Amino acid sequence: MKSQVWLVFEREFLTRVQRKSFILVTLLTPLAFLLFFVVAGLIFSYQSDDKSQILVLDPSGILAEQGVELRRFEFQYFSGTEEELKEKILVDQLDGGLYLPSISDNSGEAYEFTFLSDEPLDIESTTMLNRSIRSQLRSFRMQALNLDDAVLESLDVEAVLSQQPLTNSGKK
């Protein structure tokens with residue numbers, strides 16, 4: 001009985017494997033997957049060289065003093081009111097505007113700034129802009145409070161939790 005099953009298996013296997021289509025599919029399927037992932041990776045890694053023209057109203061000088069540059073944005077600084085900023089963006093047909101309100105004190109935890117545009121920013125640009133403003137705001141506050149960056153970094157302590165298992169007797 002075993003020999004008959006083995007003979008049928010061997011015959012079916014050899015007839016399937018010896019076909020050109022089986023060999024082609026076996027070799028081309030992994031190449032097709034590889035090609036798909038390479039093309040998808042190239043598409044997602046593509047970044048345009050176009051920079052958005054952003055008009056910045058910054059009465060406190062948070063960005064202007066630091067000379068901030070981001071790869072997707074080209075900042076032009078503006079002095080005036082928020083309404084004049086909106087009007088200038090529309091008249092000059094700029095990509096958007098950034099309004100950073102004055103800082104009244106350095107103790108506030110939240111700082112809300114506004115991006116003005118007819119089209120919303122994508123997630124990556126929003127994150128990049130938010131992170132940059134947060135960093136510049138931190139530097140601005142440190143300067144206003146006469147704090148040294150080295151002193152603040154020395155306050156950051158890494159806490160490591162070590163675990164020790166106990167047995168019933170209370171020892172390792």
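Here is what the cut-offs are and how they apply
- Residues numbered from 1 in each chain as written.
- Predicted model: local features only at pLDDT ≥ 70, side-chain atom pairs only at ≥ 80, totals over all residues.
- Heavy atoms only, no water.
- Pairing = 2+ DSSP bridges.
- Helix = DSSP H or I, 4+ residues; strand = E, 2+ residues; numbered from the N terminus.
- Axes fitted to C-alpha atoms, helices over the stretch in contact; angles between N-to-C directions.
- Core = buried A, V, L, I, M, F, W, Y, C linked by side-chain atoms within 4.5 Å.
- Buried < 20%, exposed > 50% of the residue type's maximum accessible area, 1.4 Å probe, protein only.
- Contact = heavy atoms within 4.5 Å.
- Phe/Tyr/Trp six-rings, centres within 6.5 Å; stacked < 30°, edge-to-face > 60°.
- Salt bridge = Lys/Arg side-chain N within 4 Å of Asp/Glu carboxyl O.

**Student:** Would you explain the sheet that holds strand β3 (residues 96-99) in this entry?
**Tutor:** Hydrogen bonds between backbone atoms are what pair the strands of a sheet, whose relative direction is either parallel or antiparallel. Reading across the sheet, the 4 strands line up as β2-β1-β3-β4 and stay open at both edges, with mixed pairing between neighbours. With partners counted over all chains shown, the strands left at the sheet margins are β2 (73-78) and β4 (114-116), one partner each. Put simply, the sheet's adjacent strands are angled 25° from each other on average, direction ignored.

**Student:** I keep staring at the nonpolar core and nothing clicks. Help me out?
**Tutor:** Nonpolar side chains in soluble globular proteins generally cluster together in the buried interior. Formed by 16 residues in total, the largest nonpolar core has its most connected members in Val56, Phe75, Leu98, Leu100 and Leu129. When residues of this core are traced back to their parent elements, those giving at least two are β1 (52-57), β2 and α4 (123-144). Broken down by element, the residue count for this core peaks at 5 residues, all from α4. Ignoring sequence-local partners within four residues, the contact set of leucine 129 consists of Leu70, Phe73, Phe75, Leu98, Phe115 and Leu121. Leu55, Leu57, Ile89 and Leu116 belong to the second-largest nonpolar core, a separate cluster that totals 8 residues.

**Student:** When you look at the packing of aromatic side chains in this model, what are you seeing that I'm missing?
**Tutor:** To describe a pair of aromatic rings, one takes the distance between the centres and the angle between the planes. For the structure on display, the rule yields 4 aromatic pairs. Judged by centre distance (6.1 Å) and plane angle (15°), the ring pair of phenylalanine 73 and phenylalanine 75 falls under stacked. Ring pairs connect the aromatic residues Trp6, Phe9 and Phe13, which therefore count as one cluster.

**Student:** It is not clear to me how the pattern of salt bridges should be interpreted in this structure. Could you clarify?
**Tutor:** Where charged atoms of side chains with opposite charge meet at close range, the side chains can pair. Taken as a whole and judged by the stated rule, the model has 4 salt bridges. One salt bridge connects arginine 11 with glutamate 12, and the closest N-O pair in it is separated by 3.4 Å. A residue is classified by how much of its surface remains accessible, and glutamate 12, at 33% relative accessible area, is partly exposed. Notably, a salt bridge pairs glutamate 12 with arginine 16, separated by 3.5 Å at the nearest N-O pair. One end of the pair is glutamate 12 and the other is arginine 16, both in helix α1 (residues 2-17) and 4 residues apart, which spans about a single turn. Via salt bridges that share partners, Arg11, Glu12 and Arg16 belong to a single interconnected network.

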